[in-house]
Structures are given as structure tokens and as C-alpha cells.
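# Commentary on secondary and tertiary structure
Letter by letter, the chains look like this.
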Amino acid sequence: MPDFAIGESDFLLDGKPFQIISGALHYFRIHPDQWADRIEKARLMGLNTIETYVPWNAHSPRRGVFDTSGMLDLELFLRRVAEAGLHAIVRPGPYICAEWDNGGLPAWLFREPGVGVRRYEPQYLAAVGEYLTEVLRIVRPLQTDQGGPVLLLQVENEYGAFGNDSTYLKWLVELFRAQGITVPLVTVDQPEDEMLSAGGIDGVHRTGSFGSRSVERLATLRNHQPTGPLMCMEFWDGWFDDWGGPHHTTSATEAATELDALLATGASVNIYMVHGGTNFGLTNGANDKGVYRPTVTSYDYDAPLDEAGRPTAKFHAFRDVIARHAPVPPLPDFPEPGAAPEITATLGEPIRLLDRPDSWGTWRGHDSLPTLDDIDAQFALYRTSLDLEGSPILQLGEVRDRAQVFLDGDPVGVLSRADHDRAITLPRGRGRLDLIVEDQGRVNYGPRIGEPKGLIGPLQVGATTPASWQTLAIDLNAVPELWTATLPTTAGVGPTAYRAAFSLTEATDLFVRTDAWGKGFAWVNGFCLGRYWHRGPQHTLYIPGPVLRAGANELVVLELDTLPDPAVRFSTVPDLGPTEY
Ligand code: GLA
């Protein structure tokens with residue numbers, strides 16, 4: 001069996017020095033029918049290894065569940081890597097950051113009173129133990145020393161930026177070993193002395209995360225990892241976007257020059273990302289360093305392979321650099337994207353949430369204000385009735401993350417966490433008060449990870465606290481099914497589902513343009529493409545070819561605000577928005 005080890009100065013594969021030239025590909029951000037294509041293109045760029053995180057919350061939406069179906073089939077993904085003749089690195093967290101909802105930590109974890117995440121705390125450790133047992137059961141037989149592709153695993157993620165509980169890190173290492181992980185383990189930290197000190201532990205090889213000033217950063221890493229190979233576990237070659245911000249790009253030439261400098265030192269690298277993919281569904285994370293900034297749906301990352309897996313200028317620049325340090329395979333011709341098919345489709349048959357709420361979920365009663373976590377929803381209608389004088393002010397502790405306010409079905413306004421909104425004046429004090437609340441993605445970095453979502457109290461209207469509430473938790477997965485049991489309404493204000501039929505001669509990758517829409521979610525043939533928002537930067541949503549069909553297809557849109565133009569436009573190229581404000 002091949003043997004992979006950490007030597008005095010190098011990684012050693014079968015006893016010979018081995019420079020890892022890896023790229024990050026997140027299986028959970030790519031349609032499984034496209035894994036082989038993306039892996040093959042990564043190989044053609046000259047990579048010898050593919051790295052992936054494992055998202056705990058996606059595999060375990062509820063405690064005791066470990067879903068490995070479809071896009072979550074980690075074993076199949078690793079087998080695809082092996083079939084391409086590449087090695088693999090697995091980073092199962094438990095925390096992964098990654099611009100992923102809650103940094104991968106399940107929301108249910110935080111509902112246990114007294115739980116202490118990312119530290120040596122019994123309730124947390126028990127849950128982590130259950131999760132890692134499942135993941136490592138998959139990875140164990142796929143390690144290099146068992147004939148599989150997995151060279152090494154990472155424990156935790158940039159732990160030194162969060163805490164300094166070495167007992168916790170040691171416990172994790174022991175768990176990995178107890179579960180039969182025999183290949184080397186590493187930690188990763190940003191190349192700051194305090195972070196490398198707090199995030200590393202003796203006996204586990206330290207690596208760094210950075211995208212510039214590589215030689216200097218490797219020197220800092222060397223101070224903390226005196227022997228063995230140096231590795232940049234995250235060579236940031238682009239960046240992610242927030243709603244309302246610019247689309248981030250980096251110069252292909254400058255990124256390639258930096259990669260050249262890094263590889264010339266002999267260090268190993270994991271390019272983050274070689275292909276970013278898409279935050280399908282409601283999986284995006286967010287940042288909040290004083291201002292809440294949810295991450296967009298596209299995770300293109302300005303990576304060498306774009307969101308549709310097509311090689312970019314950065315792909316060719318990186319391949320040319322890698323060719324100076326390692327053999328690269330010959331390149332085939334890559335087809336150019338064709339013209340968008342002529343498709344005429346119109347969104348129609350509206351079903352307005354406030355007209356047919358009973359079709360969208362089941363009502364529950366509460367004698368105090370629940371959070372979205374209490375009702376297990378990411379999108380919900382909150383309802384109460386008011387009987388007050390005048391035009392009272394509605395105020396609350398915080399809105400997480402966006403609430404549309406209606407009085408007797410008439411729109412009053414929007415409370416947005418990103419704008420620090422905490423109060424709104426109601427036009428009158430009597431009537432049915434509805435708040436339609438969206439969790440726009442949990443923070444994935446820093447202290448606000450794990451906080452409850454929804455309307456956070458105290459909530460007051462005038463001087464009173466509403467005595468009772470009704471909630472309607474909306475299962476967004478069921479929105480494409482609404483028409484089977486519900487008659488259309490008239491189009492109107494507030495959240496409304498629409499659908500459009502369209503026909504294709506072949507099922508190839510497409511983008512749907514979203515710039516004529518407001519804000520909401522879209523599905524094709526029941527597959528949730530993710531969120532759209534007119535504020536951009538992105539104005540297209542990626543539709544993977546495998547979810548399309550030759551023949552009849554269906555687009556469903558849940559528009560929260562307004563849909564001024566029902567015509568649907570498709571494109572074969574993305575529009576990720578302006579790169580500057
Ligand atoms: C850090 C994290 C990654 C990711 C990047 C930014 O390095 O470790 O998970 O969040 O930042 O893309």
C-alpha cells in the first residue's frame with residue numbers, strides 16, 4: 001500500500017519527497033453529475049490533489065441523521081478523485097467557516113442550554129463524536145495506507161482565530177486516531193504568531209492560510225513548525241461576494257506570480273478554490289463584524305474554473321506556473337459556451353402567501369414571541385392582532401435577518417438587520433399584524449456564530465407587548481409543489497410564488513437572469529438554485545445542466561417583493577456584477 005508521511009523536510013510519498021499541489025473543490029457546492037468534470041479539469045491544470053471540507057450541518061440537518069445522498073455523497077466524491085488518479089485531503093471541521101451557513105455547525109447544536117461550541121464541553125463533544133464517527137467511517141478505508149486517495153486530514157479550522165482550548169484540540173486528535181485515521185493530521189491558521197500558537201498543538205503538523213506575501217508568511221509558519229514540509233492550506237486566489245457589495249476578482253497574472261513564488265520555495269499548496277461552485281438552496285453563510293453581510297449564492301470565487309466549471313484566464317496562468325514545478329498533462333480544446341437557446345417563458349399562475357397561507361404550512365400558536373429556531377424554519381410568517389390607539393411604533397431587540405411588515409395585508413415596510421433596523425411606525429394601531437421573516441444565512445466567522453434567527457425580543461407595539469402569536473413555518477422545499485393543491489390567486493403585494501414552463505432541445509448548463517426580479521428564491525425542476533436579489537452584485541443564477549431536461553422544464557420563483565416583468569431570460573454566461581462600486 002502507498003505510504004504517506006511527514007518527513008524531516010518534505011512530505012514523503014512512498015519514501016520520496018512529494019510536493020502537494022492541491023485545489024479545493026467542495027462536493028456540496030457542485031451537482032454530483034459534474035464532480036468528475038471538475039476534478040478532471042483540476043487535474044488538467046496540473047494539480048495532484050483535491051481538497052474538500054465536510055459540512056456537518058448539511059449532513060446532519062437533525063441530530064441523529066447523517067445524510068449522504070446526492071450532493072452529500074462524500075464517499076462517491078472521494079472515489080471520483082481516486083478515479084482521476086489524484087490524491088485527496090479531507091477537512092471535516094467540525095467547524096469549517098467556508099462562507100457556509102453557520103460555518104458548518106448545525107443550528108440544533110445551539111439549542112442545548114449551556115452548550116459550549118469549539119471547546120472542551122461535554123454536550124458539544126458528544127455531538128461532535130457522533131458526527132465524526134460517521135464521517136471518519138467513510139474516510140477510514142479511503143486513506144492512502146489502505147489503497148485510497150486520502151493523504152491527510154485537517155483537524156478544526158483556523159482555531160487560533162477563535163480560541164485556545166488545547167484540551168479540545170487534543171480530544172479531537174484522539175478521536176480521529178480512535179476512529180482509525182492513520183494518515184497525518186494537520187491544523188491550519190492564519191500566519192500570525194498568536195493564531196499559530198493558539199491553534200496548533202504538538203504532534204500535529206501546522207499549516208497556514210494566506211493569498212499573498214507567501215515567502216514572508218511561510219517564514220512565520222516556520223517559526224511555529226520548525227521541521228517538516230511547509231504548506232499553505234488555503235492559497236486564496238479570489239474571494240467571495242456579499243449582497244450589495246462588488247464582485248471580487250483578482251488579477252490572474254498577479255495570483256500566478258504569487259503561486260510561482262510559493263511553489264519555488266518547495267512548499268506544498270492547496271489552492272482555495274480551484275472551482276468554487278454555488279451555494280445552492282439556503283446554504284450561504286454571512287459575516288457580521290458590526291454590519292451583517294450575507295454571502296451571495298454564487299461561490300465563483302474568481303477561481304481558475306468559473307461557476308459553470310469553465311477554464312478562465314487564471315486556469316491557464318496557474319497551469320503555466322505549475323508546469324515550471326511539476327509535469328502537467330496536455331490540454332484538450334475546451335468548447336466555448338454557445339449562444340443561449342431561444343426560450344420564451346413567462347412567470348404566471350401566482351399564489352400569494354397572504355391570500356392562501358394555509359397552503360404554505362401549518363399554523364402554531366405561542367404565548368410569547370418564538371424564534372425561527374423554535375419553529376424550525378428559515379422563512380416564516382408571524383401573526384398577531386393589535387387593538388391600540390393612534391399610529392404606534394413597533395420595535396424589537398433585533399431582526400434576523402429581514403422582516404416584511406404588513407397590517408391587514410397592506411405593506412408597511414421592511415426591517416433589515418443589514419441596515420440595523422429595529423423600529424417601524426405602523427399607520428394605525430388596529431388590525432392583523434403580519435411579519436414575514438427570512439433567515440438570510442447564519443454568520444460563519446466570529447462570535448455571532450450560532451445565534452438564534454427570527455424576531456428577537458423584546459417586541460413591543462407602542463407600550464404593549466403582544467400577548468400571543470401565531471406562526472406559519474414555511475418549508476421552502478415544498479414551494480414548487482404548491483400548485484398541486486392550491487388554485488392561483490391574483491398577483492399582488494408580498495411574497496408570491498410564480499411558475500413558468502419552458503422547453504429545451506438539450507439539457508446543457510444555463511444561467512437565468514434575475515435582474516428583472518426583486519428578491520427571493522428560484523427552483524428549476526424542483527432543485528433550489530438559491531437566492532436572488534436585485535441589489536446584486538450577481539444578476540444570474542447558475543442552472544447545472546444535470547437538473548435540466550431535453551423537453552419540458554419548470555422554473556418556480558418565490559418573489560418576496562415585486563416582479564415587475566414576468567418574462568424569463570436565460571444566458572449561457574454568468575453576470576456576477578460590477579467589480580467596483
Ligand atoms: C478562511 C477559512 C475558509 C474561508 C476563507 C475565505 O481561510 O478557513 O473557510 O472562509 O477564509 O474564503
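Model, not experiment: these values are computed from the prediction. (Residues numbered from 1 in each chain as written. Predicted model: local features only at pLDDT ≥ 70, side-chain atom pairs only at ≥ 80, totals over all residues. Heavy atoms only, no water.)

## Here's the deal with the environment of Val54
Tracing the sequence through the fold places Val54 in the loop between β5 (49-53) and α2 (56-59). Accessibility expressed as a relative area gives 0% for Val54, which makes it buried. Through-space distance from the C-alpha of Val54 to that of Pro226 is 29 Å; in sequence the pair is 172 residues apart. Ignoring sequence-local partners within four residues, the contact set of Val54 consists of Tyr27, Phe28, His59, Leu74, Val90, Arg91, Pro92, Ile96, Tyr131 and Val135. (Helix = DSSP H or I, 4+ residues; strand = E, 2+ residues; numbered from the N terminus. Buried < 20%, exposed > 50% of the residue type's maximum accessible area, 1.4 Å probe, protein only. Contact = heavy atoms within 4.5 Å.)

## Overview of empty space enclosed by the protein
If you walk through the whole model with that rule in mind, you get two cavities of 30 Å³ or more. As for the largest cavity, its lining consists of Trp239, Phe240, Asp241, His247, Val296, Ser298, Tyr299, Asp300, Tyr301, Pro537, Gln538 and Leu576. Taken as a whole, the second largest cavity holds about 30 Å³ of empty space. Along its surface, the second largest cavity is lined by Arg513, Asp515, Ala516, Trp517, Ala567, Val568 and Arg569. Among the residues forming the lining of the second largest cavity, the class breakdown is four nonpolar, no polar and three charged. (1 Å grid on protein atoms, 1.4 Å probe; cavity = no way out; pocket = protein on both sides within 12 Å on 5 of 7 lines; lining within 4 Å. Points joined across faces, edges and corners; volume = space filled by probe spheres on them. Nonpolar A, V, L, I, M, F, W, Y, C, P; charged D, E, K, R; others polar.)

## A few points about the layout of surface pockets
To locate leftover empty space, one rolls a probe as large as a water molecule over the atoms. Estimated volume of the largest pocket: approximately 1500 Å³. Elements that contribute at least two residues to the lining of the largest pocket include exactly α2 and β29 (527-533). Class assignment of the residues belonging to the lining of the largest pocket gives a composition of 23 nonpolar, ten polar and ten charged. Taken as a whole, the second largest pocket encloses approximately 580 Å³ of empty space. Among the elements that line the lining of the second largest pocket, the one with the most residues is helix α1 (residues 35-44), at three residues. A per-class count over the lining of the second largest pocket returns nine nonpolar, seven polar and seven charged.

## Side note on the packing of aromatic side chains
Applying the stated criterion across every chain, the model contains 27 aromatic pairs. Judged by centre distance (6.3 Å) and plane angle (70°), the ring pair of Tyr53 and Tyr272 falls under edge-to-face. Placement of the pair is Tyr53 in strand β5 and Tyr272 in strand β11 (residues 268-275), with a sequence separation of 219 residues. Residue Tyr272 is classed as buried on the basis of its relative accessible area, which comes to 2%. Their ring planes at 55° and their centres at 5.5 Å tell us that Tyr159 and Tyr168 sit as a pair that is tilted. Neither Tyr159 nor Tyr168 differs from the other in exposure class; each is buried. Connected via pairs of aromatic rings, a cluster forms that spans Tyr53, Trp236, Trp239, Phe240, Tyr272, Tyr299 and Tyr301. Over the face of the ring belonging to Tyr95 we find Arg118, whose NZ or CZ atom lies 3.6 Å from the ring centre. Across the ring face of Trp533, the terminal group of Lys519 is positioned such that the distance to the ring centre comes to 4.5 Å. (Phe/Tyr/Trp six-rings, centres within 6.5 Å; stacked < 30°, edge-to-face > 60°. Lys NZ or Arg CZ within 6 Å of the ring centre and 35° of its normal.)

## Observations concerning the pattern of salt bridges
Any two side chains of opposite charge can pair, so long as their charged atoms come close to each other. Enumeration over the complete set of coordinates arrives at 42 salt bridges. Among the ionic pairs, Lys314 bridges to Asp302, the shortest N-O distance being 3.0 Å. One end of the pair, Lys314, is in helix α9 (residues 313-323); the other, Asp302, is in the loop between β13 (292-294) and α9, with twelve residues separating them in the sequence. For the pair formed by Lys314 and Asp302, the shared burial category is buried. A salt bridge links Arg417 to Asp401; its shortest N-O distance comes to 2.8 Å. One end of the pair, Arg417, is in the loop between β20 (410-416) and β21 (423-425); the other, Asp401, is in the loop between β18 (398-400) and β19 (402-407), with 16 residues separating them in the sequence. As far as the burial class goes, Arg417 and Asp401 line up, both buried. (Salt bridge = Lys/Arg side-chain N within 4 Å of Asp/Glu carboxyl O.)

## Brief notes about the site of the ligand
Lining the immediate environment of the ligand, one finds 14 residues, of which Tyr53, Ala98, Glu99, Glu234 and Tyr301 sit closest. With respect to the ligand, the side chain of Glu158 contributes an N or O atom lying 2.9 Å from an oxygen atom. Here the ligand has 300 Å² of accessible area as a free molecule, and 96% of this is covered by the chains. Its residues assigned to classes, the shell around the ligand shows ten nonpolar, one polar and three charged. (Near = heavy atom within 4 Å. Polar contact = N/O pair within 3.5 Å; in protein donor to acceptor, adjacent residues only side chain to side chain. Areas by Shrake-Rupley, 256 points an atom, 1.4 Å probe, with all protein chains shown as cover.)

## Quick look at the UniProt feature "domain: Beta-galactosidase galactose-binding" (unreviewed entry) in the protein
Per the UniProt record, "domain: Beta-galactosidase galactose-binding" (unreviewed entry) is annotated on residues 495-553. Here residues 495-553 runs as 0% helix and 56% strand, with 23 Å between its end C-alpha atoms. (UniProt positions renumbered as here; feature names shortened; annotations may be inferred.)

## Some remarks on the sheet that holds β21
One open sheet holds the three strands; their spatial order is β21-β17-β24, and the pairing between them is antiparallel. Where the open sheet ends on each side, the last strands, each with one partner, are β21 and β24 (460-461). Relative to β24, strand β17 (residues 393-395) is paired through two bridges, and the arrangement is antiparallel. By the bridge assignment, Leu394 is partnered in β24 with Val461. (Pairing = 2+ DSSP bridges.)

## Observations concerning the nonpolar core
Formed by 96 residues in total, the largest nonpolar core has its most connected members in Tyr124 and Leu153. Excluding residues within four positions of it along the chain, Tyr124 makes contact with Trp56, Pro94, Leu105, Leu109, Val115, Gly116, Val117, Arg118, Arg119, Glu156 and Tyr168. If you look at the next biggest cluster of nonpolar residues, it comprises 30 residues, including Ile343, Leu347, Val512 and Val524. (Core = buried A, V, L, I, M, F, W, Y, C linked by side-chain atoms within 4.5 Å.)

## Concerning the pairing of strand β25 (residues 469-473)
Where strand β15 (residues 363-366) meets β25, four bridges bridge the pair, whose relative direction is antiparallel. Looking at β25, one finds that Gly365 is bridged to Gln470.

## Description of the UniProt feature "domain: Beta-galactosidase 1-like first all-beta" (unreviewed entry) in the protein
Feature annotation in UniProt assigns "domain: Beta-galactosidase 1-like first all-beta" (unreviewed entry) to the following positions: residues 379-474. The span residues 379-474 is 0% helical and 52% strand by assignment, and the distance between its end C-alpha atoms comes to 6 Å.

## Remarks on α1
For α1, every residue scored as buried is listed here: Trp35, Arg38, Ile39, Lys41, Ala42 and Leu44. Looking at the buried residues of α1, the elements they touch are β4 (21-25), β5, α3 (74-83), β11, α9 and β30 (540-543). In the stretch just after α1, Gly46 is the one whose phi turns positive, near 110°.

## Let's talk about the side chain of Arg417
Residue class for Arg417 comes out buried when judged on its relative accessible area of 3%. Looking at Arg417, its side chain comes within polar contact range of the side chain of Asp288, at 2.8 Å. Setting aside chain neighbours within four positions, we find Arg417 in contact with Asp288, Tyr292, Val399, Arg400, Asp401, Val443, Arg448, Glu451 and Lys453.

## Focus: the environment of Asp3
Relative to the helices and strands, Asp3 is located in the segment before β1 (4-6). For Asp3, a relative accessible area of 40% gives the class partly exposed. Distance in space between the C-alpha atoms of Asp3 and Gly147 is 9.1 Å, their sequence separation being 144 residues. Leaving out residues up to four positions away in the same chain, Asp3 has contacts with Leu12, Leu13 and Asp14.

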